[in-house]
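The lines below spell out each chain.
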Amino acid sequence: MSEHRRRSPNPDGDQGPQGNRADGGRPYAYGSPPDGAPVYGGDRAGAAPRAGAARATAQQPRLTRAEMRRQGQKAGAKGGAAEGPGRGARGGKGGGPGKPGKKRFIDYPRFGKTGVRRWIPSWKLQLSVFLLFFGTGVALVGAAFAFTEVPNLNAAVERQNNIYYWADGTEMTRQGDTNRQVVGLGDISKDLQNAAISIENASFWNDAGIDPKGIARAVYNMASGGETQGGSTITQQYVKNAYLSQDQTLTRKAKELIITLKVNQEKGKPEILTGYLNTSWFGRGATGAQAAAQAYYGVPAKDLNLCQSAMLAGLLKGASYYDPSIAANKTRSVNRWNEVLDRMVVTGAITKERRAECKEFPMPLEKKVSASMNGQVSYMVELANKYVMAKDKNITEAALGRGGYQIYTTFQRDKVDALKKSVDDFRAETLDEVKRPDNDRFVQVGAASVLPGDGAIVAIYGGDGVEKGHHTDNADTFGIPVGSTFKPFVLAAAMQDGVQTETGEDGKPKRINADSRYLADDKSEIRGLDGKPVLGDDKKPYRQKNSGNSKPGYVTLRKAMEQSYNVPFVQLGQDVGTKKVGELAERMGLRKESLADSSTISFPLGTSTPSAIRMASAYGVFAARGVQVDPYSVVKVVHQGAEQKQFTKPTPTPVLEQAVADNVTDVLVNVAKNGTGTKTNALNRPIAGKTGTTDKGMSAWWVGYTPSLVTSVGMWREEPGKPGLLTLNGTAKKDEIHGGDFPTDIFTRYMKTILNGQPKENFPKPEEIGEQVDSSGAPSTASPTPTATETVAVPSPTTIEPTAPTVPTEAPPSEKPSEKPTEKPTETKDPCLVPGFCPTPSATPSTKPTGRPTGRPTTSTSPSTSTSPSDTASPGGGAGNNGVAQLG
């Protein structure tokens, strides 16, 4: 019935059937209301009147149903509040909350709402909260803007020295001679001004000084742990260079934003550009355009021409990365120079006609260094700086240029001096650049000593010194093939991972030991896992060449390492899997970018080009009995009295089983004692190591160690400023240069000095490991396993005679007729290192059988039989060639 019906004329509110209704007229069952039901218009018979209830009188009319419902809800709410939470509008459970006794300032949770709606703020509350936070934020920004002062420019850009310390804490050198001159904008070439604006901030003259997108990107990267980035506008870079530290934190970023806005407001654009060009880092110790113009071209900044200006503007992105005086940077620098000039055309700074005037790249003057950086010091400082910047991305080259750092290195002065003296003595006694300029000039040496199990680089030899025009650190140079010094990694992989030609009881490749026998005959076929010959570039069976024409038959891997035969290790690489060899070498510390393509057949022969530091570090795994530690050169960095936290020692990581490392060391001890490293016998103490030689004498290596020190020595010839290796053959009147010659000589001289008076250290006796797993075709023997120095010289039906004319190759000294009863073994060179010698297998077997067919068929001589690729080598050809003439 309608809520607007006429009210009942009953003035007495009687308790008859009509009065006992709670729903506006329907009688209760049995003539009385249920428990808890409200009674409207009067009280139940016999019940006390409710507190606060209006007494029914003749003047109080009967309520409509809507009024009764509202009154019932109020009563139920009060009842629910009194009875506890959860009571409904009618006193039951599950209803909404009651009206608070006093009006709340913030109506939350919301009154009169139930369920989810009770917890959803009203639009008024949301708007109020937004306005509150927005207003607070504006007030804070305003306060920060008002109270943040722009620091004094001269005090902010004042340069300090960086101090470098030896490992014992004594001072090594100081770097950071002041090279900064502030000049006016009129004293800076207009071309340099336009070049900097075009490449760094084309909208400089019109923007507000900040780049919101760049700031948001930088904040996101910092918050997510990504690579940090700086401001992208010239104003932001000026503020960062001149007024702030290089810390990449949200606090510094906020401060940078505020100061940028104030600088943009207080200073005009010409003044900002002047400050930017006077505080930017250009490398070579030069802060500002005037110092840079003098350092690179020997002229004032106002006299820079267009081509020179474009080169200097390119340095703003990273001076150490684009300085063309560094050989590795030349191509990048030229590309950057062209990019700057092209941008100047796009922005209208120059015309295409003026752009065409810059045809030849303007090479800068030779870099000048202070006397305190002579000798090996400059290379050690450079290596330490690289490590510092790699460990802490906040420390940039510009930050180091401003100075204020105390850098504590790992270099031990006595070892550095001894290593340099060893190289100098070798040069003085062996080379004569005046009498033999065609052969004895441009001989380069790079060497490094690393503590095994720790990783500390205690000594390096980087070159003749910057004072003699040699700026590249040879100890940290990639691009020189390491030759046979790579073979121990192949043997370690075979001992650790096993050979796929046989499987053990567990179904895994069978692990082998050093007494396993492999064919070592010159020009032997190399077979894949399916037993078929691996094909070379000419689609004919590939045959590996040794140095010389010897055919010793099947020899143990110990003997193969001793004499540095190539054939056994190329075949072993196929049996293990060259990919596994590469992965192990990487785990042992060689950088992936320095490793050659592991799919090439000759990968085990050292076509890779690691640095001397990395080779010493990788051999340190053998000396440390399987534990790898990354090499490092800095132990502590202090900046303005605060020690930086990032410079903790690298974490040791086991990568080889101890027994594997010890067995490889045992094999390498035999190399030093009886093989290609016999020069080290002069030390009269246990030495382990391996020689390395590349074909045509392009490089020669020795990596040797005691239980407590690993040292690598690399040698090659290269004319400064002209990338590309020259042959070592003919140096010091020697027809051929091997790793067992000059590099081992330098190592021995060095170790004599630093080990003088030191007790002898013995290597641990290796535990037995693996099994004797002979390659296919090896004859069965009833005799005991060959000893460490024994060669199983049995005629092999698999020996293949070449049918095509071969290029005569002089046999190593050990194979030449001699009246002496014994001769020093000379290692086998790696002919694959000449362009065209590293063919890639034509196909990879789709299945890997558990064993290769026993016995190899005798190959008859026929025109179709392929000879060693060395017989037909041509510069630049051959798949898999690592390119010994290319620096990387």
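Residues numbered from 1 in each chain as written. Predicted model: local features only at pLDDT ≥ 70, side-chain atom pairs only at ≥ 80, totals over all residues. Heavy atoms only, no water.

(A) Region of the structure containing the overall build of the protein. Within the protein, the regular secondary structure consists of 24 helices and 20 strands. The 888 residues of the protein split such that 49% are buried. Contacts spanning at least 24 positions in sequence make up 72% of the contacts within the protein whose residues lie at least 6 apart. Summed over its atoms, the accessible surface of the protein is roughly 41500 Å², and 52% of this surface lies on carbon and sulfur atoms. (Helix = DSSP H or I, 4+ residues; strand = E, 2+ residues; numbered from the N terminus. Buried < 20%, exposed > 50% of the residue type's maximum accessible area, 1.4 Å probe, protein only. Contact = heavy atoms within 4.5 Å. Areas by Shrake-Rupley, 256 points an atom, 1.4 Å probe, with all protein chains shown as cover.)

(B) View of the packing of aromatic side chains. Counted by the stated rule, this structure contains 15 aromatic pairs. Note on Tyr 619 and Tyr 705: the rings are 6.3 Å apart at their centroids and 75 degrees apart in plane angle, and the pair reads as edge-to-face. On the criterion of sequence distance, the pair formed by Tyr 619 in helix α22 (residues 612-623) and Tyr 705 in strand β19 (residues 699-706) is long-range, its members being 86 residues apart. Its relative accessible area of 0% is what places Tyr 619 among the buried residues. Note on Tyr 705: relative accessible area 0%, which makes it buried. Through a chain of ring-to-ring contacts, the aromatic side chains of Phe 486, Phe 489, Phe 603, Tyr 619, Phe 622, Tyr 705 and Phe 763 assemble into a single cluster. Its end group placed over the ring of Tyr 321, Arg 332 keeps NZ or CZ at 3.9 Å from the ring centre. Sitting over the ring of Tyr 322, Arg 336 keeps its end group 5.6 Å from the ring centre. (Phe/Tyr/Trp six-rings, centres within 6.5 Å; stacked < 30°, edge-to-face > 60°. Lys NZ or Arg CZ within 6 Å of the ring centre and 35° of its normal.)

(C) Representation of the pairing of strand β7 (residues 457-461). A large share of β7 lies buried, amounting to five of its five residues. Across four bridges, the pairing between strand β6 (residues 443-450) and β7 is antiparallel. Looking across to β7, one finds that Ser 449 is bridged to Ala 459. Here β6 folds back onto β7, and the loop between the two strands holds six residues, one of which, Gly 453, carries a positive phi near 80 degrees. (Pairing = 2+ DSSP bridges.)

(D) Summary view of the sheet that holds strand β1 (residues 162-165). If you walk across this open sheet you meet the five strands as β2-β1-β5-β15-β16, and the pairing is mixed. This sheet does not close on itself; its edge strands, each paired only once, are β2 (171-175) and β16 (642-643). In the sheet, β1 pairs with β2 via four bridges, with the strands oriented antiparallel. Paired with Ile 163 across the strands is Arg 174, a residue of β2. Along the sheet face, helix α14 (residues 377-391) touches β1, β2, β5 (405-409) and β15 (634-639) and points at about 75 degrees away from the line of β2. (Axes fitted to C-alpha atoms, helices over the stretch in contact; angles between N-to-C directions.)

(E) Quick look at the nonpolar core. One finds Ile 460, Phe 486, Phe 489, Leu 572, Phe 622 and Leu 656 to be the most contacted residues of the largest nonpolar core, which totals 119 residues. Dropping the residues within four chain positions of it, Ile 460 is found in contact with Gln 376, Tyr 379, Met 380, Leu 383, Phe 411, Val 416, Leu 419, Ala 447, Ala 448, Asp 473, Ala 475 and Ile 613. Val 263, Ala 291, Ala 301 and Cys 358 belong to the second largest nonpolar core, which has 44 residues in total. (Core = buried A, V, L, I, M, F, W, Y, C linked by side-chain atoms within 4.5 Å.)

(F) Broad picture of the environment of Asp 211. Positionally, Asp 211 belongs in the loop between α4 (190-200) and α5 (212-224). Sequence separation between Asp 211 and Thr 233 is 22 residues, and the spatial gap between their C-alpha atoms is 6.4 Å. Ignoring sequence-local partners within four residues, the contact set of Asp 211 consists of Ser 232, Thr 233 and Gln 236.

(G) Molecular detail of the side chain of Ser 449. For Ser 449, the location among the structural elements is in strand β6. Judged by relative accessible area, Ser 449 falls into the buried class, the value being 0%. With sequence-adjacent residues up to four places away left out, Ser 449 is seen in contact with Ala 456, Ile 457, Val 458, Ala 459, Leu 709, Val 710, Thr 711 and Tyr 750.

(H) Spotlight on the pairing of β19. The element β19 is extensively covered by neighbouring structure, given that eight of its eight residues are classed as buried. Neither face of β19 is open: one carries Ser 699, Trp 701, Val 703 and Tyr 705, the other Ala 700, Trp 702, Gly 704 and Thr 706, and all of them are buried. Two strands pair when backbone bridges link them, and strand β18 (residues 688-693) and β19 are joined in this way by six bridges, in the antiparallel orientation. Bridge pairing in β19 links Gly 689 to Gly 704. The antiparallel pairing of β18 with β19 creates a hairpin that spans five residues between the two strands, and Lys 696 there sits at a positive phi of about 65 degrees.

(I) Spatial organisation of the state of the cysteines. All told, the structure shown has one disulfide when counted by the stated rule. Between Cys 307 and Cys 358 runs a disulfide, and the two sulfur atoms are separated by 2.2 Å. Disulfide Cys 307 to Cys 358: torsion about the S-S bond roughly -105 degrees, handedness left-handed. Highlighted residues: Cys 307 in helix α10 (residues 306-314) and Cys 358 in the loop between α13 (352-355) and α14, separated in sequence by 51 residues. Each member of the pair, Cys 307 together with Cys 358, is buried. (Disulfide = S-S within 2.5 Å.)

(J) A nonpolar patch on the surface, seen in detail. Nonpolar side chains collect at one region of the surface, where Trp 123, Leu 127, Phe 130, Leu 131, Phe 134 and Val 138 lie side by side and expose about 680 Å² of accessible area between them. In this structure, Trp 123 sits in helix α2 (residues 123-147). (Patch = residues over 30% accessible without salt bridge, like charges linked within 9 Å, V, L, I, M, F, W, Y side chains within 5 Å. Salt bridge = Lys/Arg side-chain N within 4 Å of Asp/Glu carboxyl O.)

(K) Fine view of the environment of Phe 489. Assignment of secondary structure puts Phe 489 in helix α18 (residues 487-497). Sequence spacing of Phe 489 and Gly 582 is 93 residues, and the spatial spacing of their C-alpha atoms is 8.4 Å. When neighbours within four sequence positions are excluded, Phe 489 is seen to be in contact with Val 581, Leu 584, Ala 585, Met 588, Leu 590, Met 615, Ala 618, Tyr 619 and Phe 622.

(L) Structural context of the pattern of salt bridges. Evaluation of the coordinates by the stated rule reveals 30 salt bridges. Across the salt bridge formed by Arg 336 and Glu 200, the nearest N and O atoms sit 3.6 Å from each other. Of this pair, Arg 336 sits in helix α12 (residues 330-346) while Glu 200 sits in helix α4, and the two are 136 residues apart along the sequence. Just as Arg 336 is buried, Glu 200 falls in that class too.

(M) The confidence of the model for the protein, seen in detail. On average, residues of the protein score 79 in pLDDT, and 71% of them reach the 70 mark or higher. Counted against residues more than four places away or in other chains, residues 35-56, with its pLDDT under 50, gives 22 contacts. The low-confidence segment residues 79-98 (pLDDT under 50) makes 33 contacts with residues lying over four places distant or belonging to another chain. (pLDDT = per-residue confidence, 0-100.)

(N) Structural view of helix α21 (residues 578-587). Of all the residues in α21, the buried ones are Thr 578, Val 581, Gly 582, Leu 584 and Ala 585. Seen along its axis, α21 keeps its buried residues to an arc of 165 degrees; they face one direction. Looking at the packing, one finds that the buried side of α21 touches α18 and α20 (567-576). Positive backbone phi, at 125 degrees, marks Gly 589, one or two positions downstream of α21. (Arc of directions from axis to C-beta.)

(O) Region of interest: the side chain of Thr 665. If you trace the backbone, Thr 665 turns up in helix α23 (residues 658-674). Taking the relative accessible area as the measure of exposure, Thr 665 reaches 4% and is therefore buried. For Thr 665, the residues in contact, after removing those within four places along its chain, are Phe 622, Ala 688, Tyr 705 and Phe 763.

(P) Geometry of the packing of helix α16 (residues 413-430) against helix α24 (residues 742-754). Look at α16 against α24: their axes get within 9 Å of each other, and the N-to-C directions meet at 135 degrees. Classified by the angle between their axes, α16 and α24 sit oblique to one another. Like other packed secondary-structure pairs, α16 and α24 cross with a definite hand, here right-handed. In this structure, α16 uses Lys 415, Ala 418, Leu 419, Ser 422, Val 423, Asp 425, Phe 426, Glu 429 and Thr 430 to contact α24, whose residues at the interface are Phe 742, Asp 745, Ile 746, Arg 749, Tyr 750, Thr 753 and Ile 754. Looking at the contact of α16 with α24 residue by residue, the classes come out as eight nonpolar, three polar and five charged. (Parallel < 35°, antiparallel > 145°, perpendicular 65-115°, else oblique. Left-handed = near helix turned anticlockwise from the far one by under 90°. Nonpolar A, V, L, I, M, F, W, Y, C, P; charged D, E, K, R; others polar.)

(Q) Quick peek at the sheet that holds β18. One open sheet accounts for five strands, arranged β7-β6-β20-β19-β18; its pairing is antiparallel. One side of each edge strand has no neighbouring strand; the edge strands of this open sheet are β7 and β18. Adjacent strand axes in the sheet meet at a mean angle of 10 degrees, parallel and antiparallel pairs treated alike. Packed on one face of the sheet, α23 meets β18 and β19 and runs near 65 degrees to β18.

(R) Spotlight on α12. For α12, built from 17 residues, the straight-helix expectation of 24 Å at 1.5 Å per residue is met to within 8% by its first-to-last C-alpha distance of 25 Å. Listed as buried for α12 are Ser 333, Arg 336, Trp 337, Val 340, Leu 341 and Met 344. Axial view of α12: buried residues confined to an arc of 135 degrees, hence all on one face. Exposed side of α12, more than 90 degrees from the buried face: Thr 331 and Val 346 are the residues found there. Just past α12, the residue Gly 348 takes up positive phi, approximately 85 degrees. (Expected span 1.5 Å × (residues − 1).)

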